[in-house]
Amino acid sequence: MNHSNIYKPLKCIVEDVIEESPTIKTVVLIPEKEFTFQAGQFISFTVPGIGEAPFTPSSSPFVSDKLEVTVMRTGLVTDAIHKLKKGDVVGIRGPYGKPYPLDKFAKKEVLLVGGGVGLAPIRALFYALIGTVEQYKRIVFCCGAKTPADYIYKNLILNEWLKMSEKFPISFRITVDSKDDNWKFGEGLVTKTLDHLDVDVSNSVAIVCGPPVMMKFVTLKLLDIGYKDSAIYLSMERKMYCAVGHCRHCLIGPYFVCKDGPVFTYDSIKNEPGVWA
Amino acid sequence: MKTYFIENNKIENFISRWLGDYNVSAPFLRNQHLLYEPLSTENIDDAVIGAVRTIQPLKFFFHPFQERIVPEIANPKKSIVIGAANCDLRGLKILDNVFLEGDYRDPNFISRRQNTFIVSIDCTQPLSVCFCKSLGLNPYPEDGFDLNLTKLESGFVVDVGSEKGEILLGDKSFLKNATESVLEERKRIREGVSTKILNYNEKFHIPNKISEEFRAQFDSKKWEMVWKNCVQCGSCTNVCPSCVCFLLEDISRNENFVKAKIWDSCLLPGYARMASGVSPRPLLWERYRNRLACKYQYMVENFGKIGCTGCGRCIAGCPGKIDKRKVLSCVFEDALFEETGKDVKYESLKYL
């Protein structure tokens, strides 16, 4: 057979498992061969003998010898991922799907809205944006989590990224649903960070990633603020197996999350059934 | 396309030359249904060639119920399927769209497709559930086969549809040229069968522009009623010649990855349910509507053709006796009034 098998994963060694929150871990993988992706694209992650699930890498797309995947424990495969230890062998396939169209963000004010584990793809995107930061008018990063303990990448965001606002046109709006005594930032749902937003909506794009209910209310609020349907980029999630447009599990109406997405502008899917499931 | 004729007393010899070199499957009558079974010199007398479609769809030979996909199946034995009807060939085109013609090609499907020869048939004895004509398709193949056989009174018309078909013909020693009168007889049979299928479906009304209508009627309240006998068994998706959905199972025991593909059914509640427990279609009627939306709207937008081929297997195989033709007639009755000016007012709900 001279065809390469589209389902054969690339072997990876687990280098580290970082606990981000009580339910979220980041797995650091060393792929057997160089592996490149663009922000927004996803991989299918195999735990041998258990199964596969799709995730968007959370590490920098400029790094090709190491890959980080941030995973919330919710089911069979994610449970197995949480049990991985340094040295374990896993597999990845991909990258799949369309990346964030960075060229369309050029000269615009880029609004990032991430909630909970939805910060994972946004982190990869943030690295990509920082790498080409001079192309964008400014970046506004709104992020939220349930509690300070649920905040992923807390050290990175609060200690490293916040400082970037001194050098670059980047501002942060940081919130938790309910704070504790040590929390120095905002309190309230992530939608609250969109209040009194000082962006020029006619020259801005909004990138939203989080749980479905969060994406729904953020989208409604963005529309309310004046964002156009076509300027709202949503990271859609669906049950998925093949990731290559064959198995049809991930359809939203006639659109495949795996190959037409996973990022869709709101106007392209708003009339399809079950968008916010 | 080259066309020949072979007499009834020579067809057995013609076909038995393939035994040995190929795994040959052909239809046999079992409990009043046609089933594909392996053909051999012992049972060749009993094969029923040139009647109607079988119970199993053609996809069984290309996209089997379950198979290993990593590592891929290496060099499957050359095989011949005799007896595929046009509805099945149309279904296989959808499978080609999915597994061969996108950015990613399925390794098992490629080799099965290369190693399988298709000898199709004209339907001469259509079933009451057949409705290919309602979808603009014919009960006889026009392309997509290697050889096609049309059963006439005294023999079979043989059409050669591909180079692979030429290989099956061999030295042509059993063949004659097809005369005008033979072709005339075939034309009469084809017209007769077409009329019969149209008559079977006289009381059903499926709109011509069904994909557009589907979008327009997606939120029709009727969808909440028409599914009510569905017991989500998945029979309709299993027997459908164009249902492709499958899941992947990882069966690796060590660091060498092993994966299998297994059919899935969009009627099942777990089909689209995510790990969080959330599903875009938690209700059965939503899943029923989705199956038809996939056939009549999504596949049209994905591949430029309707997924349904009118084989009627989902009707015949439904334990709830749901007749999709009634469902479609009922949901689209207003649209049909627009299209035909005829008040069809199909009193369908009470039958559903």
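Residues numbered from 1 in each chain as written. Chains lettered and ligands numbered in written order. Predicted model: local features only at pLDDT ≥ 70, side-chain atom pairs only at ≥ 80, totals over all residues. Heavy atoms only, no water.

Quick notes on the domain arrangement of chain A
All names here are of chain A. Applicable threshold: The domain limits used here are those given by an automatic or database domain assignment. Only heavy atoms matter for contacts: two residues are in contact if any of them lie within 4.5 Å across the pair. Once two parts are joined, some of their accessible surface, as seen by a 1.4 Å probe, is lost; buried area is that loss totalled over both. Any carboxyl oxygen of Asp or Glu within 4 Å of a side-chain nitrogen of Lys or Arg constitutes a salt bridge here. In the analysis that follows, any N or O atom pair within 3.5 Å is treated as a polar contact, provided that within protein one partner can donate a hydrogen and the other can accept it, and provided that, for residues neighboring in sequence, both atoms belong to side chains. Starting at the N terminus, helices and strands are each numbered in turn, a helix being any DSSP run of H or I of at least four residues and a strand any DSSP run of E of at least two. Gly counts as polar in this scheme, as do all residues outside two lists: the nonpolar Ala, Val, Leu, Ile, Met, Phe, Trp, Tyr, Cys and Pro, and the charged Asp, Glu, Lys and Arg.
For chain A, the domain assignment lists domain 1 (10–96) and domain 2 (102–235). Computed over C-alpha atoms, the centres of domain 1 and domain 2 are 24 Å apart. On the side of domain 2, 14 residues touch domain 1, which itself brings 17 residues to the contact. Counting the surface domain 1 buries against domain 2, the share from its top three residues, Glu 20, Ser 58 and Phe 62, is 33%. Counting across the interface, domain 1 meets domain 2 through 1 salt bridge. The salt bridge involving Glu 68 is made with Arg 123; its shortest N-O contact spans 2.7 Å. At the junction of domain 1 with domain 2, the criterion picks out 5 residue pairs in polar contact (both at pLDDT 80 or more). Residue assignment for the side of domain 1 that touches domain 2 shows that the elements contributing at least two residues are strand S1 (10–21), strand S2 (24–31) and strand S5 (67–72). Per-element tally for the side of domain 1 that touches domain 2: the top contributor is S5, with 3 residues. In terms of residue class, the side of domain 1 that touches domain 2 is built from 8 nonpolar, 7 polar and 2 charged.

Looking at the environment of Asp 96 of chain B
All names here are of chain B. What counts, and what does not: Classification of residues uses two cut-offs on accessible area relative to the type maximum, computed with a 1.4 Å probe and protein chains only: under 20% is buried, over 50% is exposed, and between them is partly exposed.
As for its position among the elements, Asp 96 is in helix H2 (residues 86–99). The class of Asp 96 is buried, set by a relative accessible area of 10%. With 90 residues separating them in the primary sequence, Asp 96 and Ile 6 have C-alpha atoms 31 Å apart.

Here's the deal with the sheet that holds strand S11 (residues 259–263) of chain B
Within a sheet, neighbouring strands are paired by backbone hydrogen bonds and run either parallel or antiparallel to one another. Residues and elements named next belong to chain B. Cut-off, in case you're wondering: Paired strands, as defined in this entry, are two strands with at least two bridges between them according to DSSP. Angles here are taken between N-to-C directions and fall from 0 to 180 degrees, while the axes themselves are lines fitted to C-alpha atoms, restricted in helices to the stretch in contact.
What the 3 strands build is an open sheet, ordered S4-S11-S10; its pairing is antiparallel. Edge positions in the open sheet fall to strand S4 (66–70) and strand S10 (246–250), since each of these has one partner strand only. The sheet shows a mean angle of 30 degrees between the axes of neighbouring strands, direction not considered.

Focus: the interface of chain A and chain B
Taken together, the contacts link 42 residues of chain A with 43 residues of chain B. Interface of chain A and chain B: buried area, both sides summed, is about 3600 Å²; carbon and sulfur atoms make up 64% of it. For the pair chain A and chain B, the interface holds 2 salt bridges. The partner of Arg 215 of chain B in a salt bridge is Glu 272 of chain A, with the nearest N and O atoms 3.0 Å apart. Summed over the shared surface of chain A and chain B, the result is 13 residue pairs in polar contact (both at pLDDT 80 or more). For the side of chain A that touches chain B, the elements supplying multiple residues, two or more each, are strand S3 (42–47), strand S4 (51–55) and strand S6 (89–96) of chain A. Per-class residue counts for the side of chain A that touches chain B are 20 nonpolar, 13 polar and 9 charged.

Things to note about the packing of aromatic side chains
To keep it simple, the criterion reads: Classification of ring pairs rests on two measures: the distance between centres of Phe, Tyr or Trp rings, Trp counted by its six-membered ring, which must be within 6.5 Å, and the angle between planes, read as stacked under 30 degrees, edge-to-face over 60 and tilted in between.
With the rule as written, the count across this model stands at 24 aromatic pairs over all chains. Geometrically, the ring pair formed by Tyr 36 of chain B and Phe 61 of chain B is edge-to-face, given 5.0 Å between the ring centres and 85 degrees between the ring planes. With a gap of 25 residues between them, Tyr 36 of chain B in strand S3 (residues 33–38) and Phe 61 of chain B in the loop between S3 and S4 connect regions that are remote in the sequence. Ring geometry for Phe 99 of chain B versus Phe 246 of chain B: centroids 6.1 Å apart, planes at 35 degrees, classification tilted. Of the two residues, Phe 99 of chain B sits in helix H2 while Phe 246 of chain B sits in strand S10, which places them 147 residues apart along the sequence. Classification of Phe 99 of chain B by relative accessible area gives buried; the value is 0%. By way of ring pairs, the aromatic residues Phe 126, Tyr 127, Phe 141, Trp 161 and Phe 172 of chain A are connected into one cluster.

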